[in-house]
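A structural walkthrough
As a plain string of letters, each chain reads:
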Amino acid sequence: MRVVITGGAGFVGSHLCDRLLAEGHHVICFDNFLTGRHSNVAHLQSEPRFELRCQDVTDSVDVDGRVDAVLHFASPASPVDYQNFPLETLRVGALGTLRTLELAEKHGARFVLASTSEVYGDPAVHPQPETYWGNVNPIGPRSMYDEAKRYSEALTTAFRTTKGTNTAIIRIFNTYGPRMRQNDGRAIPTFVTQALSGYPVTVAGDGRQTRSVCYVDDLVEGVVRTLASDVAGPLNIGNPHEMSVLELARLVIDLCGADVPIVFVPRPGDDPMVRQPDIARARTELGWNPTVDIQNGLLRTISWFRAAAVPAASSITDVPLPRQESAQPARASQTPGG
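Numbers given to residues run from 1 along each chain, matching the order in which its sequence is written. Whole-chain, interface and lining totals are the exception, using all residues; otherwise, since this is a predicted model, local features are given only for residues with pLDDT of at least 70 and side-chain atom pairs are given and counted only at 80 or more. Only hydrogens and water are set aside; all other atoms, that is, all heavy atoms of the structure, feed into the side-chain values.

Note on conventions: DSSP H or I runs of at least 4 residues are helices, E runs of at least 2 residues are strands, and numbering of each starts at the N terminus. Of regular secondary structure, the chain possesses nine helices and 13 strands. When we talk radius of gyration, it's over C-alpha atoms, and the globule rule is simply 2.2 Å times the number of residues to the 0.38. The C-alpha atoms of the chain give 19 Å as radius of gyration, which agrees with the globular expectation for 338 residues (20 Å, within 12%). Any residue under 20% of the maximum accessible area for its type is buried, any over 50% is exposed, and the rest in between are partly exposed; the area is computed with a 1.4 Å probe on protein chains only. Relative to its 338 residues, the chain shows a buried fraction of 57%. What makes two residues a contact is simply this: any of their non-hydrogen atoms within 4.5 Å. Nonlocal contacts in the chain, meaning residues at least 24 apart in sequence, comprise 83% of its contacts between residues at least 6 apart. When the accessible surface of the chain is summed, it comes to about 13,200 Å², and 50% of that surface belongs to carbon and sulfur atoms. Asp and Glu count as negative and Lys and Arg as positive, but His and the ends of the chain are not part of the count. Lys charges are placed at NZ, Arg charges at CZ, Asp charges at CG and Glu charges at CD. In the chain, 31 side chains carry a positive charge and 37 a negative one; their mean positions are 1 Å apart. All accessible-area figures derive from a Shrake-Rupley calculation using a 1.4 Å probe, and residue coverage is judged against the displayed protein chains alone.

This is how it looks when you write it as structure tokens:
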């Protein structure tokens, strides 16, 4: 197949490039490097079946020759990024989705939209099935991302129902693994970077809010199975193993072998209290199930962060270090996004 991947130099996108190239496909990677990194795909530059195009897909996505599949993964995805780039986030959710859908329609290609669990907002239903419509604040501090993805789902659905475009929607739950940026504001890279640097681990609120985190290889397997299917979705792709952010922070500290305290910082606005995917549909329709447990996934991630040379603590995070709960055992913190 000849596959277009937007956001292909990002955390998840670059792993998708690796997987599809390993399967013998030709990959055309689009990225404007707003949040993606050249280093994520540098090892692919000598691969003749890999093309890298530094281009903003909100302007145009033109590809000559055959296109068999379009995977739209371009978007800032961490709270730090989409709050720093709100207009860019909305543009890529709207115009970027339109351009890539038009490309898929033109070539008769399979289209897979990377949506997000954030379409469920701060959910009143737990765990979250695809039938749940969500509880989203359309003008809140996370609205630029939440609503961009909700709109992109509506646009994808409209192309399928009115033009017959072969589309699929996946809702990605919190994912982690190698190539995450140390300072992107999400919980696991923040915890790991702080712990390896010997600095206090910062947890938002009291850390009782929950997340269900999925190792990137499991996510990629779900995407590849979706691509090879005729399933329209939406499909939740994530690991249903739920744990509190405090538990997650404690585990990271332990696996890093660090002797650092936990400090609590203010909890961000509209931060979901719970997050857990109902993956019954993906299990039934794709035969997909995550296989990497949290401990093994974290060990692989920590190993990558060690090799990547953790930066000086002053550059790790913009989160301040207020009150330290040193009288209590190591407490995990939550940074939004997982």
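A word on empty space enclosed by the protein. A pocket, in this scheme, is an open set of points on a 1 Å grid over the protein atoms alone with protein on both sides within 12 Å along at least 5 of 7 lines, while a cavity is a set where a 1.4 Å probe fits but cannot get out; residues line either one if an atom lies within 4 Å of a point. Grid points are joined across faces, edges and corners, and a volume is the space filled by probe spheres set on the points. Per the counting criterion, the structure on display carries one cavity of 30 Å³ or more. Counted as a void, the largest cavity has a volume near 40 Å³. H72, A74, S75, V92, G93, T97, L113, A148, K149 and S152 are the residues that line the largest cavity. Counting only elements with at least two residues in the lining of the largest cavity, the list comes to α3 (86-107) and α4 (143-163).

The next thing to look at is the state of the cysteines. In what follows, a disulfide is any cysteine sulfur pair within 2.5 Å. Here the structure, examined in full by the defined rule, presents zero disulfides. C17 supplies the cysteine sulfur nearest to C29, a cysteine that is in no disulfide, at a spacing of 4.5 Å. In this structure C29 comes out as buried when scored by relative accessible area, which is 0%. C214 carries a free sulfur, and the closest cysteine sulfur to it, the one in C17, is 18 Å from it. C214 gets classed as buried once you look at its relative accessible area, which sits at 0%.

Our next topic: helix α7 (residues 245-256). The length a helix should cover is 1.5 Å for every residue beyond the first. Its twelve residues give α7 an end-to-end C-alpha distance of 16 Å, which sits within 8% of 16 Å, the value for a rise of 1.5 Å per residue. Burial of α7 is extensive: nine of the twelve residues sit out of reach of the surface. Within α7, the full set of buried residues consists of V245, L246, L248, A249, L251, V252, I253, L255 and C256. Phi for G257, located one or two positions after α7, is positive at around 65 degrees.

By secondary structure assignment, the location of T167 is in strand β6 (residues 167-172). Using a relative accessible area of 2% as the deciding quantity, one classes T167 as buried. Beyond its immediate sequence surroundings of up to four residues, T167 is in contact with L101, R110, F111, T156, R160, V231 and A232.

Moving on: the layout of surface pockets. Unfilled space is identified by rolling a water-sized probe across the atoms. In this structure, the largest pocket spans a volume of roughly 760 Å³. Along the walls of the largest pocket sit 45 residues, with F73, S75, P76, A77 and Y145 positioned nearest its centre. The class makeup of the residues in the lining of the largest pocket is 16 nonpolar, 16 polar and 13 charged. Under the scheme applied, nonpolar residues are Ala, Val, Leu, Ile, Met, Phe, Trp, Tyr, Cys and Pro; charged residues are Asp, Glu, Lys and Arg; polar residues are all the others, including Gly.

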